[in-house]
Amino acid sequence: MLESKVKTALRLKNTAFDIEVAGLIAAAKADLVQSGIDKSVVDKENTIDPLIERAIIVYCKANFGYDNDEADRFAKSYETLKTHLSLAGDYNGKME
């Protein structure tokens, strides 16, 4: 389901880039976990948190393809969202 949402966000209608999309999703998840976001929050597949889903989509939009005029804008948006998530107790497992 997440993969289809990412493909829709990337405006993809066929399977030609499925391997690249899957790799980007995996990289986004790994980056979120490395940033201190709880792995159990990131890895939920059927009930994925909407902010985690948005972060993954924005990461993919920033890194997909070679001719992407909006890549920097999406990358900055992703970094901002990732920072907020990594500081929030609901996401970093450090609820006080």
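Only a predicted model underlies this, so the values are computations on that prediction, with no experimental measurement involved.

Caption draft 1: Seen up close, the packing of aromatic side chains. Counting across every chain of the model gives two aromatic pairs. An angle of 85° between the planes, with centres 5.4 Å apart, marks the rings of Phe-17 and Phe-64 as edge-to-face. On the criterion of sequence distance, the pair formed by Phe-17 in the loop between α1 (2–9) and α2 (18–34) and Phe-64 in the loop between α4 (50–63) and α5 (71–87) is long-range, its members being 47 residues apart. Using a relative accessible area of 37% as the deciding quantity, one classes Phe-17 as partly exposed. Their ring planes at 70° and their centres at 5.1 Å tell us that Tyr-59 and Tyr-78 sit as a pair that is edge-to-face. Of the two residues, Tyr-59 sits in helix α4 while Tyr-78 sits in helix α5, which places them 19 residues apart along the sequence. Here Tyr-59 and Tyr-78 have matching classes, each one buried. Over the ring of Phe-74 we find Arg-73, and its NZ or CZ is 4.7 Å from the ring centre.

Caption draft 2: Structural view of unusual backbone geometry. With a phi angle near 65°, Arg-11 is a residue other than glycine that sits in the positive phi range. Structurally, Arg-11 is set in the loop between α1 and α2.

Caption draft 3: Region of interest: α1. Of the residues making up α1, those classed as buried are Leu-2, Val-6, Lys-7 and Ala-9. Seen from one end, α1 has its buried residues packed into an arc of 160°, which puts them on one side. Following α1 by one or two positions, Arg-11 has its phi on the positive side, about 65°.

The rules we used
- Position labels on residues start from 1 in each chain and follow its written sequence.
- In keeping with the model being predicted, local features are shown solely for residues with a pLDDT of at least 70 and side-chain atom pairs are shown and tallied solely at 80 or more, while totals for entire chains, interfaces and linings include all residues.
- Note: side-chain values were computed over all heavy atoms of the structure, leaving out hydrogens and water.
- Two rings from Phe, Tyr or Trp (for Trp, the six-membered ring) form a pair when their centres sit within 6.5 Å of each other. Planes less than 30 degrees apart are called stacked, planes more than 60 degrees apart edge-to-face, and all others tilted.
- In DSSP terms, a helix is any run of H or I states spanning at least four residues, a strand is any run of E spanning at least two, and both are numbered starting from the N terminus.
- Relative accessible area decides the class of each residue, using a 1.4 Å probe on protein chains only: under 20% of the type maximum gives buried, over 50% gives exposed, and in between gives partly exposed.
- Our definition puts a charge over a ring when NZ of Lys or CZ of Arg is within 6 Å of the ring centre and also within 35 degrees of the ring normal.
- In this context, the arc is that of the directions from the helix axis out to the C-beta atoms.

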